[in-house]
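Residue-level listing of the chains:
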Amino acid sequence: MFKLEEKEIIFLLGNRNIKKSIFQPFDKEICEFLSQLSQNIINNKIARKSPDLIASSFWCSKKNILKLKNNYDNDQLKFGRGLIFHITPSNVPTNFFYSLIFGLLSGNSNIVKVPSNKFFQIDIICKAINLTLKNKKFHKVKNLIRIVRYKDNNFNKITEIISKICDLRIIWGGDKTINQIREFKLKPHAHDITFSDRTSLCILDIEKMLKINKKKLSKLIRNFYNDTYIVDQNACSSPHLILWYGKGDIKIAQKKFWNELDKKVVRDYKMPDVAAIEKYDQLCKDIVLLNEYKSNAIYNQKLYTVELKKLNKNIENLRGKWGYFYEYRIKDISEIKNTISQKFQTITYFGFKKEFMKNFIAKSGNEGIDRAVPIGQALNVGLVWDGYEIISALTRKIVIT
């Protein structure tokens with residue numbers, strides 16, 4: 001038992017008395033808890049209007065947890081490592097929830113630091129967890145969850161204190177944040193798992209785009225919108241660079257795709273006022289300073305595209321937000337060989353078979369791509385993320401001979 005005395009810590013869930021418990025992965029009570037939690041999230045009227053909360057609810061649903069369990073190799077005896085300290089990013093409201101579920105499914109106790117920004121998604125999820133924990137049959141789960149918030153001016157002090165008592169630290173954030181946190185010492189047996197700042201891209205088959213019918217195009221655009229706009233392109237797996245590949249009239253393909261997306265965002269996307277100013281400022285800078293700049297298109301304030309005349313080694317630094325996309329036509333896969341770095345995480349794709357994607361990634365001189373998924377699945381979190389097999393990374397194996 002350890003007590004966190006610091007008054008600057010706000011406990012959204014749990015209390016200052018930290019009691020460490022460990023279980024085997026996919027413990028029955030924990031799985032039942034997550035299933036009930038899924039229902040309690042989706043029963044919230046506000047949550048039903050929020051795509052990221054709907055996705056969160058589905059991810060911990062009974063059906064999905066069972067799918068994850070069935071895909072998990074459980075031949076060996078494993079237990080959670082102990083107390084996990086999750087330090088989650090400030091720009092994706094629901095990220096903390098996925099990190100927490102990783103900790104629970106692997107049988108660990110958890111202290112989760114959420115962003116200091118008061119996102120409504122965090123409040124809804126915490127209320128749903130509290131409601132679920134009122135059921136006495138989940139008494140042991142209650143001791144596994146501490147969700148905390150503390151201000152940036154107390155970040156170093158409190159992060160250092162919690163780091164000293166944890167058995168594993170999960171850090172989500174940019175390179176600077178990760179290096180800063182690594183300065184805070186862990187217990188001798190403890191270690192870090194880092195999910196650093198990454199970028200992603202999308203590849204579209206030109207011929208397939210030219211042939212796609214209206215119904216399928218509408219679905220494709222809806223899926224692309226979910227990959228990008230519902231998180232304002234803040235997720236590492238949201239694409240910033242759009243690659244067009246194959247034969248055919250690219251101008252017609254581009255017009256078809258972007259015009260349909262234009263209709264979708266005008267109808268559904270609520271963009272903060274500051275976004276319009278920042279996007280236009282970024283466009284002006286790209287026109288003047290970006291060597292690869294070729295042309296641009298402003299469909300409306302919610303959708304900007306910048307066409308590139310070439311790819312270079314620093315293409316990873318081109319980041320859009322609130323509907324700002326870079327695009328380029330590749331005629332041969334080898335064009336991206338010197339472009340793909342460790343900073344790239346996900347490829348979303350349309351019009352290609354798995355075999356093509358395997359070949360595409362293999363020929364890219366792959367140093368960073370960790371996953372390739374159809375458009376619409378960029379934000380689908382699995383038990384393999386950033387190349388980590390999550391359950392294995394968060395557990396210890398017991399060898400019996």
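Source: prediction; values computed, not measured.

As a further point, take the overall build of the protein chain. Secondary structure assignment for the protein chain yields 14 helices and 19 strands. With respect to the principal axes defined by its C-alpha atoms, the protein chain has extents near 65 × 50 × 40 Å. Residues classed as buried in the protein chain amount to 53% of the 401 residues present. Contacts in the protein chain between residues at least 24 apart in sequence constitute 75% of all its contacts with a sequence separation of at least 6. Accessible surface computed for the protein chain: about 19600 Å², of which carbon and sulfur atoms make up 49%. Measuring between centres, the 69 positive side-chain charges of the protein chain sit 6 Å from its 40 negative side-chain charges.

Attention now goes to helix α11 (residues 250-268). In a regular helix each residue adds 1.5 Å, so 19 residues correspond to 27 Å; α11 covers 27 Å between its end C-alpha atoms and thus fits that length. Between the side-chain oxygen of the N-cap and the backbone nitrogen of K251 there are 3.0 Å, and the N-cap of α11 in question is D249.

What follows is about the packing of helix α10 (residues 214-228) against α11. Helix packing geometry: the angle between the two helix axes and the distance between the axes. At a minimum axis separation of 10 Å, α10 and α11 run at an interaxial angle of 60°. Relative to α11, α10 is oriented oblique. Considering the relative orientation of α10 and α11, their crossing is right-handed. Across the interface between the two elements, L217, S218, L220, I221, R222, F224 and Y225 of α10 pack against K256, F257, W258, E260, L261, K264, V265 and D268 of α11. Among the residues forming the contact of α10 with α11, the class breakdown is 9 nonpolar, 1 polar and 5 charged.

A few words on the pairing of strand β10 (residues 199-205). Across the 7 residues that make up β10, a large majority, 7, are buried. Burial of β10 is two-sided: the residues T199, L201, I203 and D205 facing one way and the residues S200, C202 and L204 facing the other way are all buried. The sheet contact formed by β10 and strand β11 (residues 239-245) spans 6 bridges and is parallel. Counted as the bridge partner of L204 is W244 from β11.

Here 6 strands make up an open sheet; going across it, the order is β2-β7-β6-β5-β8-β9 and the pairing mixed. Among the strands making up the open sheet, the edge pair consists of β2 (10-13) and β9 (191-196). For this sheet, the mean inter-axis angle between neighbouring strands, taken without regard to orientation, is 20°. Along the sheet, helix α7 (residues 155-165) makes contact with β5 (83-87), β6 (109-113) and β8 (168-173), crossing β5 at roughly 155°.

The subject of this paragraph is the sheet that holds strand β13 (residues 303-308). Pairing is mixed across the open sheet formed by 7 strands, whose spatial order is β12-β13-β14-β11-β10-β15-β16. The open sheet is flanked by β12 (293-300) and β16 (371-374), the only strands paired with a single partner. Going across the sheet, the axis of each strand differs from the next one's by a mean of 25°, ignoring polarity. Across the sheet, α10 is in contact with β10, β11, β14 (324-330) and β15 (344-350); its angle to β11 comes to roughly 145°. Its contacts with the sheet place helix α13 (residues 354-363) against β10, β11, β14, β15 and β16, and it is angled at close to 145° to β15.

So, how was this worked out
Residues numbered from 1 in each chain as written. Predicted model: local features only at pLDDT ≥ 70, side-chain atom pairs only at ≥ 80, totals over all residues. Heavy atoms only, no water. Helix = DSSP H or I, 4+ residues; strand = E, 2+ residues; numbered from the N terminus. Buried < 20%, exposed > 50% of the residue type's maximum accessible area, 1.4 Å probe, protein only. Contact = heavy atoms within 4.5 Å. Areas by Shrake-Rupley, 256 points an atom, 1.4 Å probe, with all protein chains shown as cover. Lys, Arg positive; Asp, Glu negative; His and termini not counted. Charge placed at Lys NZ, Arg CZ, Asp CG, Glu CD. Expected span 1.5 Å × (residues − 1). Polar contact = N/O pair within 3.5 Å; in protein donor to acceptor, adjacent residues only side chain to side chain. Axes fitted to C-alpha atoms, helices over the stretch in contact; angles between N-to-C directions. Parallel < 35°, antiparallel > 145°, perpendicular 65-115°, else oblique. Left-handed = near helix turned anticlockwise from the far one by under 90°. Nonpolar A, V, L, I, M, F, W, Y, C, P; charged D, E, K, R; others polar. Pairing = 2+ DSSP bridges.

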